[in-house]
Structure formats: C-alpha cells, structure tokens
Amino acid sequence: MSPDESARVDLRQAPGDGAVLTLGGALDVSTAAEARREVVARLAQTRVASLQIDASGIDRGDVSGMAILYELTQGLLTPGVSPKLTGLKPEFEHLLKAFPAEDALRALHPPPARRGIFEELGAATVSMLQDLRAQLTFVGAIVQGFAAALRRPRLMRWHEVAVVFEKAGVNALPIVSLISLLMGLVIAFEAAQPLEMFGARIFIADMIGLVMVREFSPIFTAIILAGRSGAAFAAEIGTMKVNEELNALETMGLDPIRFLVIQRVFAGTMLMPVLSAYSMLIGVFGGVVVMVTMGFTFAQIWAQLIGALHVRDVLVGTSKSFVFGAIVAGLGCLRGMQTKEGPNAVGDSTTRAVVAGILMIIVVDSVFAVLTYVLHV
Amino acid sequence: MSATATVISVEDVTIAYGDNVIQKNVTFDVHAGEVFIILGGSGSGKSSLLKAMIGLDRPASGRILFDGDDIVTAEGEDRLRLLRKFGVMYQSGALFGSMTVLENVRLPLDEFTDLGPEEKDLVAAAKLNQVGLLPAAARKPSALSGGMQKRAGIARAMALDPGILFLDEPSAGLDPITSAGLDETIRSLSRDLGITFVVVTHELQSIYAIGDRCIMLDGRTKTMIAEGKPMDLRDHSTDPYVRQFFLRQAEPAATGNGGTRAS
C-alpha cells in the first residue's frame with residue numbers, strides 16, 4: 001500500500017494559452033470525489049485553450065479514480081478543448097480502457113415508455129376483463145375439482161384439509177377472540193350514551209346481538225381470514241409456482257387445483273361459519289360484560305337478547321360466512337396460482353389476495369344487505 | 001501473482017452449527033493476486049467456510065484475518081472497514097430484482113461514495129464493461145440469463161474496487177461455453193487488475209482453468225485434506241479421496257481399483 005493516501009491536483013499555466021494539469025498520489029474510490037471537485041474548481045479559475053494532463057504521479061488508482069481521467073480526456077470537463085494525457089502508468093491505462101464509448105453511455109438510461117390516456121384505459125379494461133375471465137375459469141375448475149372429489153373422496157387429501165383447519169381456524173382463535181371481545185365492548189360503550197338519553201340502555205343488548213350476529217362477526221372474521229389465511233394461501237401456492245412445484249405436479253399428471261386448491265377452499269368454507277359463530281358469542285359476551293358493569297342482571301340481559309335475536313338472524317350471519325370463506329380461500333389460491341416470475345411476485349400475489357378478498361367481502365355483504373331487506377329476512 | 005504477501009489468513013477455524021461440526025481446524029493462507037479455490041464434495045462445508053470468511057456466519061473457533069484484522073471479532077466501524085476490502089458474488093447472483101443491472105452496480109457507489117451521479121454511472125458502466133455486460137445495463141435481472149446474472153453479480157461485487165473477490169460456485173448451472181467465458185473474465189480480472197479471488201467450486205474444468213492454488217475439504221473426516229496447485233494435487237496427491245475427486249471417479253476408493261495406483 002502506498003504511503004500517500006490522498007490525491008494531488010495542480011494546474012499550471014504553460015507557455016501560450018496552454019496549461020498543464022498534474023495529477024498524483026492515490027486516485028481511488030476514497031479520494032475520487034474530492035479530487036474531481038478540486039479539478040473542476042481549478043479548471044473553472046483558468047481559461048485554457050489547450051490542456052495537457054500529466055498523470056505520471058499517480059501511484060495508486062482504481063476505476064472510480066480513473067473516471068476523472070476519462071472525463072478529462074473526453075473533454076467533458078473542458079468544453080471545446082481536447083486535453084492530452086501523458087505519463088499514465090500502464091496498469092492504470094488498463095483501467096481507463098474499461099470505460100465505454102459515449103454512445104454506449106447514452107443508452108444507459110433509455111427513456112421510459114409512455115402511454116396515452118386511451119391506451120392506459122384500454123389496457124386497464126382488457127386486464128380487468130381478463131381477470132374476470134380467469135376468476136370464472138377458476139370457479140369452474142374448483143367446481144370440477146369438487147365434483148371429482150365427490151366421486152372419489154380419496155382425492156380430497158383429508159390430512160391437508162385438517163392442516164388448513166388447524167392453521168386457518170384453530171390458530172386464529174386468539175386474534176378472533178380479542179377482536180370480537182373488544183368490538184363487543186366498544187359497541188356497548190358507544191351505544192350506552194345515546195340510548196341513555198332515552199332511558200333505553202337495556203336496548204344495548206338488542207343492538208349488540210343484532211350488530212354482532214348479522215354484520216360484524218361475519219365481516220371481521222372474514223377480514224381476519226383474508227389477512228391471515230388468504231395471504232398464506234397465496235404465498236404458499238405462489239412460492240410453489242416460483243419453485244416450479246406446480247409444474248412438477250402438472251407433469252406428474254396431477255391437477256394443481258385438485259391437489260392444492262380444493263382442500264383450502266373446502267376448509268375455508270367450512271371453518272368460516274364456525275369461526276364466525278364463535279366470534280358472535282365472544283362479541284355478545286363483551287357487550288354483556290359492559291351491561292353488567294352498568295347494573296343490569298344476567299336475567300334481564302338474556303331476556304332482552306332472546307327477544308331481539310331470531311334464528312333467521314343467526315342464519316343470515318352464518319350463511320354469509322359460508323360465502324365469505326369460499327371467496328377468501330378461493331381468491332387466495334387464485335392469486336397464488338397467478339403468481340408471476342421475479343422476486344416481488346409472491347409479495348404481489350399476497351397483496352392482491354388480501355385486497356381482493358376484503359373488497360369482495362364488502363361487495364358480497366352489500367348484496368346480502370339488499371337481499372335481506374327485499375326479502376324481509 | 002508476483003507477490004506472495006498474505007491477504008487472508010484462516011487460522012484454526014472450526015465451523016459448527018450447534019453440536020453438528022462441519023469442518024475442524026481449517027488453516028490456510030490466501031496470497032495477494034492469486035485465484036484461490038476452495039474445493040470439496042457436496043456437503044463438505046465449502047459454502048459454510050465461505051460464509052465464515054465473508055463474515056456472515058461466526059465460526060465456532062479460530063481466526064480469519066484480513067491483512068492482520070480478524071473479521072470474526074470485528075464490530076461496528078472496524079467490521080465495515082473489513083467488509084469494504086472484499087466483494088462477494090453469490091451463487092444465484094443475488095441481484096436486487098427491483099433495480100436495473102446498472103442500478104445494482106451503482107448501489108454500493110451511491111451508498112459509500114461522494115461521487116456525482118454522472119461519475120457513478122460512468123464507474124458502474126466501466127464495471128459492466130469489464131465483465132462484458134454493458135449492453136444489458138438498462139435491463140432488470142429477471143431479463144438476464146444465468147451467466148449474465150453472475151457477471152452482473154461480479155460487477156456489483158467490484159463496484160468499490162475491492163482487492164479481493166469471493167465467488168460462490170460461479171460455474172454452477174451454466175453451460176460449458178458460458179462457464180468458460182466466465183472463467184476467462186475471472187482470469188482477465190485477476191491478470192489485469194491484480195484482484196485476489198477466492199472461489200468456491202467443484203467444477204473440474206474451472207479449477208484447472210482459473211485456479212492458482214486450492215484447498216480441499218472432506219465432508220467425511222470433516223477436515224481439510226489437501227492444499228496446493230490443482231495439477232499437482234491431481235497428479236501427485238497420496239490421498240485417495242483427492243485423486244478420486246480430480247479423476248472424477250464414482251465410489252469411495254477404499255476397495256476400488258483407483259486407490260493405490262497413482263503416484
């Protein structure tokens with residue numbers, strides 16, 4: 001290693017209009033930025049008609065350091081003047097040769113392709129229609145897969161179904177419990193004040209029962225399922241696709257839908273109502289706790305709940321859950337199967353699974369709201 | 001290759017994951033400017049040794065010195081300074097998929113130098129030119145072939161002009177022509193820039209083409225069983241496993257006919 005750790009820059013006027021720029025010392029990645037600033041500053045102070053660069057003093061250098069020499073010899077720092085380089089040691093000349101020609105440099109940043117608004121609009125429409133078609137095809141494939149599994153139950157791979165039940169269902173109980181309990185508490189507290197104005201605090205029981213059973217429990221558990229398991233399905237299947245495991249299944253003559261998807265959709269559809277019913281119980285319990293602290297007795301609350309809640313409310317809530325479960329699990333698997341190549345692909349699929357899952361939950365819930373209103377259920 | 005100054009000293013290094021010992025008491029030196037090869041069969045601990053040398057994993061015991069400084073115990077600024085002495089090309093290239101090839105090579109320059117944007121582009125372009133990848137500068141890694149990704153990995157490893165490059169299985173997964181091209185790149189970088197290479201590989205062709213010296217790790221005895229020039233080991237090693245490796249023979253030589261003939 002050279003004892004000289006810094007770069008030396010010197011500019012001297014030569015006879016006539018010329019000047020000699022002397023560079024020496026270490027011209028490497030640690031000194032290059034400073035040295036270049038100095039070169040630019042010196043050149044700015046002097047008007048030169050011709051420039052000679054004396055590089056014989058450079059005793060250490062690398063590509064970053066040689067970048068200055070490249071810029072100088074190409075005249076990039078002295079417009080209108082073509083400097084002459086002398087005295088550069090052969091090992092550094094080697095480095096200097098690594099720099100590409102100017103037209104190759106211009107190609108480094110090609111202008112991004114821009115599309116007009118109509119093109120964007122058209123592309124978005126086409127992609128939406130394609131996605132719709134993919135979803136329909138997928139639904140068809142799942143139905144086919146289920147039909148095949150019905151004929152030959154062995155195809156269902158029940159162990160996999162049990163694993164999904166455990167991961168997506170049992171393991172979700174703590175978070176479902178916490179969120180449902182807090183929702184019950186919050187709704188009861190929020191309802192208490194306005195109802196108190198009418199002396200109607202006992203109706204907290206009606207409210208908590210109806211809100212949790214018909215709306216909040218199905219929706220929140222579905223959103224939890226989308227975030228936990230829809231995302232997991234997309235990531236699992238997406239990773240399998242990236243690792244060519246799906247191709248392996250395909251070439252073994254195994255249908256990935258029948259092998260991976262129907263188990264998840266079946267488990268999702270079946271466990272969602274169970275989770276949702278559990279959430280209803282916990283949510284209502286949260287409300288009851290608040291009411292008990294307000295001085296109501298269990299008997300009062302129970303009578304009020306029984307009067308407000310009907311079997312049809314529970315049926316509406318539970319039937320929604322079946323649909324939500326199928327949608328969340330199906331979308332998770334679909335996005336997983338649609339995973340493209342590249343490092344972001346699995347992440348993108350996961351995001352799309354969760355976003356599409358939550359969106360569809362709300363859309364389907366709206367449809368249910370209209371239907372139940374029209375049918376007076 | 002002219003100098004024989006030691007740039008890396010591996011001293012009595014034992015690598016283990018928990019109770020599972022991978023290699024015991026490995027000791028060797030890497031000299032300035034040479035292409036040094038770490039050989040061994042699958043599972044012999046080549047990659048684990050490499051990981052220890054580049055500071056990713058901590059060996060169970062021993063020292064790994066770069067110009068006298070131990071990377072095993074170095075922390076904070078000292079460790080950063082040591083990390084700046086070398087670049088690493090990972091087996092898969094490990095390019096950042098969200099960036100173009102040029103941006104990948106520019107990243108270390110962006111993070112660790114004060115160069116202006118044009119100079120960084122210029123330096124990155126020169127690096128890509130050195131590995132013959134300039135025409136692909138604006139492409140994303142996913143649009144590159146395996147060989148090109150490895151070249152880009154080398155260019156990125158060289159971004160800050162380190163004196164040492166570690167290459168993890170540069171020929172793995174490449175066709176013979178691409179692999180030979182990569183070997184030529186390594187050779188020319190070593191010859192023209194005096195870069196010291198530490199290469200993990202088990203491709204015999206590559207070993208002969210680029211290797212100045214090598215060591216061989218044995219997964220069964222969990223020790224280093226040979227050190228020397230590849231040709232010498234092939235022709236003169238007394239260890240049956242070493243000869244078997246170089247002669248590309250299948251079964252253990254204990255009872256076979258490849259055991260005692262050579263040398």
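Our structure's up above, just so we're on the same page.
Below, the structure is looked at part by part. (Residues numbered from 1 in each chain as written. Chains lettered and ligands numbered in written order. Predicted model: local features only at pLDDT ≥ 70, side-chain atom pairs only at ≥ 80, totals over all residues. Heavy atoms only, no water.)

### Brief notes about the environment of Q130(B)
Right, on to step 1. Topologically, Q130(B) is positioned in helix 4 (residues 117–130).
Right, on to step 2. Since its relative accessible area comes to 16%, Q130(B) is described here as buried.
Right, on to step 3. As a C-alpha pair, Q130(B) and M158(B) span 28 residues in sequence and 9.9 Å in three-dimensional space.
Right, on to step 4. Residue contacts for Q130(B): discarding those within four places in its chain leaves V63(A), L95(A), A98(A), M158(B), T185(B), L189(B) and L193(B). (Helix = DSSP H or I, 4+ residues; strand = E, 2+ residues; numbered from the N terminus. Buried < 20%, exposed > 50% of the residue type's maximum accessible area, 1.4 Å probe, protein only. Contact = heavy atoms within 4.5 Å.)

### Points about unusual backbone geometry
Where the residue is not glycine, phi is negative for most of them; where a peptide bond is considered, it is trans in most cases.
Residues and elements named next belong to chain B.
Right, on to step 1. In this structure, D12 is a non-glycine residue whose phi angle is positive, near 55 degrees.
Right, on to step 2. As for its position among the elements, D12 is in strand 1 (residues 6–17).
Right, on to step 3. The partly exposed category is assigned to D12, whose relative accessible area is 41%.
Right, on to step 4. With phi around 50 degrees, A94 is a residue other than glycine that occupies positive phi space.
Right, on to step 5. Tracing the backbone through its elements, the reader meets A94 in the loop between strand 6 (86–89) and helix 3 (101–112).
Right, on to step 6. Classification of A94 by relative accessible area gives partly exposed; the value is 30%.

### Quick look at the pairing of strand 9 (residues 213–218) of chain B
Residue and element names in this part refer to chain B.
Right, on to step 1. The buried fraction of strand 9 amounts to six of the six residues, a majority that puts the element mostly inside the structure.
Right, on to step 2. Residues of strand 9 alternate between two faces, with R213, I215 and L217 on one and C214, M216 and D218 on the opposite face, all of them buried.
Right, on to step 3. Across five bridges, the pairing between strand 3 (residues 35–40) and strand 9 is parallel. Each residue of the ladder has a partner; that of I37, found in strand 9, is C214.
Right, on to step 4. When strand 9 meets strand 10 (residues 223–228), the two strands line up antiparallel, connected through five bridges. The residue of strand 10 that forms the bridge with D218 is T223.
Right, on to step 5. Connecting strand 9 to the next strand, strand 10, in antiparallel fashion are four residues, including K222 with a positive phi near 60 degrees. (Pairing = 2+ DSSP bridges.)

### Some words on the sheet that holds strand 7 (residues 164–168) of chain B
Residues and elements named next belong to chain B.
Right, on to step 1. Ordered by their spatial adjacency, six strands build an open sheet running 6-7-8-3-9-10, and the pairing between neighbours is mixed. Two strands bound the open sheet, and with one partner strand each, they are strand 6 and strand 10. Looking at each pair of strands side by side, their axes are set apart by 15 degrees on average, direction ignored.
Right, on to step 2. Running at roughly 115 degrees to strand 9, helix 9 (residues 240–247) makes contact with strand 3, strand 9 and strand 10 of the sheet. (Axes fitted to C-alpha atoms, helices over the stretch in contact; angles between N-to-C directions.)

### Some points on the packing of helix 7 (residues 173–197) of chain A against helix 10 (residues 256–293) of chain A
Relative orientation and spacing of two packed helices are given, respectively, by the angle between their axes and the distance between those axes.
Residue and element names in this part refer to chain A.
Right, on to step 1. For the pair helix 7 and helix 10, the least separation of the axes is 7 Å and the interaxial angle reads 40 degrees. One finds that helix 7 runs oblique with respect to helix 10. For the pair helix 7 and helix 10, the sense of crossing is right-handed. Touching L173, V176, S177, S180, L181, G184, L185, A188 and F189 of helix 7 are L275, Y278, S279, I282, G283, F285, G286, G287, V289 and V290, all from helix 10.
Right, on to step 2. Classifying every residue of the contact of helix 7 with helix 10 gives twelve nonpolar, seven polar and no charged. (Parallel < 35°, antiparallel > 145°, perpendicular 65-115°, else oblique. Left-handed = near helix turned anticlockwise from the far one by under 90°. Nonpolar A, V, L, I, M, F, W, Y, C, P; charged D, E, K, R; others polar.)

### Focus: the sheet that holds strand 2 (residues 20–31) of chain B
Sheet strands pair by backbone hydrogen bonding; their relative direction is either parallel or antiparallel.
Residue and element names in this part refer to chain B.
Right, on to step 1. Ordered by their spatial adjacency, four strands build an open sheet running 2-1-4-5, and the pairing between neighbours is antiparallel. Pairing within the sheet leaves two strands with one partner each, and these edge strands are strand 2 and strand 5 (69–70).
Right, on to step 2. In this sheet, strand 2 lies alongside strand 1 in antiparallel orientation, the contact comprising eight bridges. Bridge pairing in strand 2 places V13 opposite V26.
Right, on to step 3. Strands in contact with helix 1 (residues 46–53) are strand 1, strand 2 and strand 4 (61–66); relative to strand 1, the strand with the most contacts, it is inclined by about 120 degrees.

### Comments concerning the environment of V176(A)
Residue and element names in this part refer to chain A.
Right, on to step 1. Counting through the fold element by element, V176 comes out in helix 7.
Right, on to step 2. For V176, a relative accessible area of 1% gives the class buried.
Right, on to step 3. In this structure, the C-alpha to C-alpha distance between V176 and Y278, residues 102 residues apart in sequence, is 8.4 Å.
Right, on to step 4. If near-sequence neighbours (up to four positions away) are discounted, V176 is found in contact with T221, I224, L275, Y278 and S279.

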